[in-house]
Amino acid sequence: MRFVDMIEKKAGGQRLSSAEIAEMVTGYVAGEIPDYQMSAMLMAILQRGMTAEETAELTLSMMHSGDVVDLSDLPGVKLDKHSTGGVGDTTTLVVAPLVAACGGTVAKMSGRGLGHTGGTLDKLESIPGCCVEQSMESFRRIVRENGVAVIGQTGNLVPADKKIYALRDVTATVRSVPLIASSVMSKKLASGSDAIVLDVKTGTGAFMETPEEARALAERMVDIGALVGRRVAAVITDMNQPLGMAVGNALEVREAVQLLSGQIAPDDPLYEVCMLLGSQMLRMGGLAADDADARNRLRAAIDSGAGLEKLQRMVAMMGGESAYLTPERIDELCAVRRHIDVPAGEDGCVVSMQAERIGTAAQMLGAGRATKEDVIDPAVGLVMRVRCGDTVRRGDPLCTLYVNDETRVEEAKAMLLGAIRIGAHGGAATPMVYGVVESK
């Protein structure tokens, strides 16, 4: 069938066959299908959707477009986690070492930040000497000896996703649930893990703005896992305000070290989401009988310092100066020329926040990229001083900017003040966790 006929078929709401989907992916990666035709197909998928089976076939075709990692020689159930992107989301640097400290095998490939969301690799690279570009041999060795490694994607992993995502980004088709699901799951499946926990964000700082949209995406990704024989669970969490108080690379590493050192309270949103994700991973790995058992094990790994030791050892094995990852020295990573408070302009209550704008403000200071070529300043960013529901008085600091280059400070301050709404009364409370989706 000609590709134009496949476009017409999908635009008419019909289902594509496995062979047609494979032909589409293979042809586009090979350069046989031009961008303008693939753009039309992506728009048809956005408007008409795909069945669970079609999405699974698209995922597998993308997964097999390049290298597929085999981790079968590593001990135990290979565990992974993935976040759909958020602001102040430093869960990987907490959860991965904690799960390893509880006996898990966490072999994770992560990405870089672009736009208002932060990337785990950028956070790790804020530690002097830490090299995230490791060979597969080194990756396996670190996991085997330490139980956890977090590195950049190696080799020719899922080239179809790189090419299709670049096109989605310029054709207004990013928000399609089947396309998001296949993008995420093709990379996770190609990375070789046996069990995957997904953190699906919803709110003003997430791709999926409503809980209903987030649940639809979560269910589709869990269905893909079931159809291809992998254990997958998805946690739907709030992103209507930054998850942690820190937004910026070294600042988020500091917050992770603080949590692993027992310095963050159990009722903190970051702590709670880390416990939930870690509990799911321990249960899926057969390392805990139930949620209560899993939480007890995770808390014990914090109290004993075993989780922090796993993070320190991983960084050291990746060439990083792990001595910085202690409560005594972690502030050295966050040293900047100026700290600038952004004060509240009125008395009242923090009614709501626009998390995406807060992430953008940190990007303006140099903590993130507007394009892939932008250079990040690892030390800069911001630390929130309030959460939704807090009472403030005029002049109270809403957040503190960590600044080296003051070129865009005023612009960042204006962005922040526009992102935080203060009213006479608090807004409606939103839950931190909207639900968990597991395979039926």
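Residues numbered from 1 in each chain as written. Predicted model: local features only at pLDDT ≥ 70, side-chain atom pairs only at ≥ 80, totals over all residues. Heavy atoms only, no water.

## Side note on helix α3 (residues 35-48)
- Look at α3: 20 Å from first C-alpha to last across 14 residues, which is about the 20 Å you get at 1.5 Å a residue.
- Where α3 is concerned, the buried positions are Gln37, Met38, Ser39, Met41, Leu42, Ala44 and Ile45.
- Just past α3, the residue Gly49 takes up positive phi, approximately 80 degrees. (Helix = DSSP H or I, 4+ residues; strand = E, 2+ residues; numbered from the N terminus. Expected span 1.5 Å × (residues − 1). Buried < 20%, exposed > 50% of the residue type's maximum accessible area, 1.4 Å probe, protein only.)

## As for the nonpolar core
- With 148 residues, the main nonpolar core has Met24, Met38, Leu124, Phe139, Leu198, Leu382 and Leu401 as its most contacted residues.
- With ten residues, the top contributor of residues to this core is helix α12 (residues 269-284).
- Dropping the residues within four chain positions of it, Leu124 is found in contact with Leu93, Cys130, Val132, Val150, Met314 and Val315. (Core = buried A, V, L, I, M, F, W, Y, C linked by side-chain atoms within 4.5 Å. Contact = heavy atoms within 4.5 Å.)

## Some thoughts on the sheet that holds strand β7 (residues 338-343)
- Strand order across the open sheet formed by four strands is β6-β9-β11-β7, with antiparallel pairing between neighbours. Edge strands, defined here as strands with exactly one partner in the open sheet, are β6 (246-247) and β7.
- As judged from the six bridges shared by β7 and strand β11 (residues 397-403), these two strands associate in the antiparallel manner. If you follow Arg338 over to β11, its bridge partner there is Val403. (Pairing = 2+ DSSP bridges.)

## Some points on the environment of Thr120
- Examined against the element boundaries, Thr120 turns out to sit in helix α6 (residues 120-125).
- For the pair Thr120 and Val184, spaced 64 residues apart in the sequence, the C-alpha separation amounts to 15 Å.
- With near-sequence residues (within four places) excluded, Thr120 lies in contact with Thr92, Leu93, Ser110, Gly111 and Val150.

Scope: geometric values only; no functional claims are made or implied.
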